[in-house]
Amino acid sequence: MDLVVCWLVGLVAWFVCNAAGTGVVVRAAPPEQLAAFEGVVLWYGSASLVCTLVAAASAALAHRAPRCDRVGRDAAAALGAPVASVAVNSVLVAAEPSPAWGVFLAPAALSLVGAVAGWLLVRALRSRPEERRGAAVPTSRRR
């Protein structure tokens, strides 16, 4: 049940961030830049990266201890929604009569990078300070 909650949190965060990101791209991006491949990667790729980073980080934050201690389960909880969004977008692009894979693959790759970065960011913030220094000192022995 906790995985479903994390996925829902990730999906809501992705939808909200994606709506805001699309609004920014539509209002701020010059049309001549969106006609070029570099502009598509710049605008849509950066929006995709930020949206999946926020979605994965939100889902990872919703995944609480003690379940978040297992890396595989934590990855499934945090990365489920962003990876599902990339998969759905892939199916939608493939369903087009002549798919524009070149324009789709760069933002999709940046989306996956953003998702992993968001998950790893939360995992790094979760770790205890003594683990970050490399000395695993039990809390009962600290003075």
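Just so we're clear, the structure is a prediction, and the values are computed from it rather than from any experiment. (Residues numbered from 1 in each chain as written. Predicted model: local features only at pLDDT ≥ 70, side-chain atom pairs only at ≥ 80, totals over all residues. Heavy atoms only, no water.)

1. Looking at the overall build of the protein
Alright, step 1. Broken down by element type, the protein carries six helices and zero strands.
Alright, step 2. Walking the protein from its N terminus toward its C terminus, one meets helices and strands in the order α-α-α-α-α-α.
Alright, step 3. Long-range pairs, those at least 24 residues apart, make up 68% of the contacts in the protein between residues at least 6 apart in sequence.
Alright, step 4. Of the roughly 8,700 Å² that the protein leaves accessible, carbon and sulfur atoms contribute 69%. (Helix = DSSP H or I, 4+ residues; strand = E, 2+ residues; numbered from the N terminus. Contact = heavy atoms within 4.5 Å. Areas by Shrake-Rupley, 256 points an atom, 1.4 Å probe, with all protein chains shown as cover.)

2. Quick notes on the pattern of salt bridges
Alright, step 1. Under the definition given, this model contains three salt bridges.
Alright, step 2. The partner of Arg-73 in a salt bridge is Asp-2, and the shortest N-O contact between them spans 2.8 Å. Of this pair, Arg-73 sits in helix H4 (residues 71-94) while Asp-2 sits in helix H1 (residues 2-28), and the two are 71 residues apart along the sequence.
Alright, step 3. Salt-bridge contacts for Arg-126 lead to Asp-74; the nearest nitrogen and oxygen are separated by 3.1 Å. (Salt bridge = Lys/Arg side-chain N within 4 Å of Asp/Glu carboxyl O.)

3. Here's the deal with the packing of aromatic side chains
Alright, step 1. Per the stated rule, a full pass over the model turns up two aromatic pairs.
Alright, step 2. Ring geometry for Trp-14 and Phe-15: centres 5.1 Å apart, planes at 65°, overall edge-to-face.
Alright, step 3. Given the relative accessible area of 55%, Phe-15 is considered exposed.
Alright, step 4. Pairing Trp-101 with Phe-104 gives two aromatic rings, centres 5.8 Å apart and planes at 75°, and the pair type is edge-to-face. Here Trp-101 and its partner Phe-104 are both found in helix H5 (residues 101-126), three residues apart, which amounts to about one turn of the helix. (Phe/Tyr/Trp six-rings, centres within 6.5 Å; stacked < 30°, edge-to-face > 60°. Buried < 20%, exposed > 50% of the residue type's maximum accessible area, 1.4 Å probe, protein only.)

4. Observations concerning the nonpolar core
Alright, step 1. Listed in full, the nine residues of the largest apolar core are Ala-56, Ala-57, Ala-60, Ala-75, Ala-78, Leu-79, Ala-115, Trp-119 and Val-122.
Alright, step 2. For this core, the secondary structure elements donating two or more residues are helix H3 (37-62), H4 and H5.
Alright, step 3. Contact partners of Trp-119, with chain neighbours within four places excluded, come to Ala-56, Ala-60, Val-71, Asp-74, Ala-75, Ala-78 and Leu-79.
Alright, step 4. Formed by five residues, the second largest nonpolar core is a distinct cluster that contains Trp-14, Cys-17, Cys-51 and Ala-55. (Core = buried A, V, L, I, M, F, W, Y, C linked by side-chain atoms within 4.5 Å.)

5. Quick word on the state of the cysteines
Alright, step 1. Inspection of the entire model under this criterion finds zero disulfides.
Alright, step 2. Free of any disulfide, Cys-17 has its nearest neighbouring cysteine sulfur in Cys-51, separated by 3.1 Å.
Alright, step 3. Residue classification places Cys-17 among the buried residues on the basis of a relative accessible area of 16%. (Disulfide = S-S within 2.5 Å.)

6. Here's the deal with H4
Alright, step 1. End to end, H4 covers 32 Å across 24 residues, agreeing with the expected 34 Å (1.5 Å per residue, within 8%).
Alright, step 2. At Leu-79, H4 shows its strongest bend, of approximately 50°, with the proline Pro-82 following within four residues.
Alright, step 3. Burial in H4 covers these residues: Asp-74, Ala-75, Ala-77, Ala-78, Leu-79, Ala-81, Pro-82, Ser-85, Val-86 and Val-93.
Alright, step 4. The inward-facing, buried residues of H4 contact H1, H3 and H5. (Expected span 1.5 Å × (residues − 1). Bend = angle between axes of the 7 residues up to and from the residue.)

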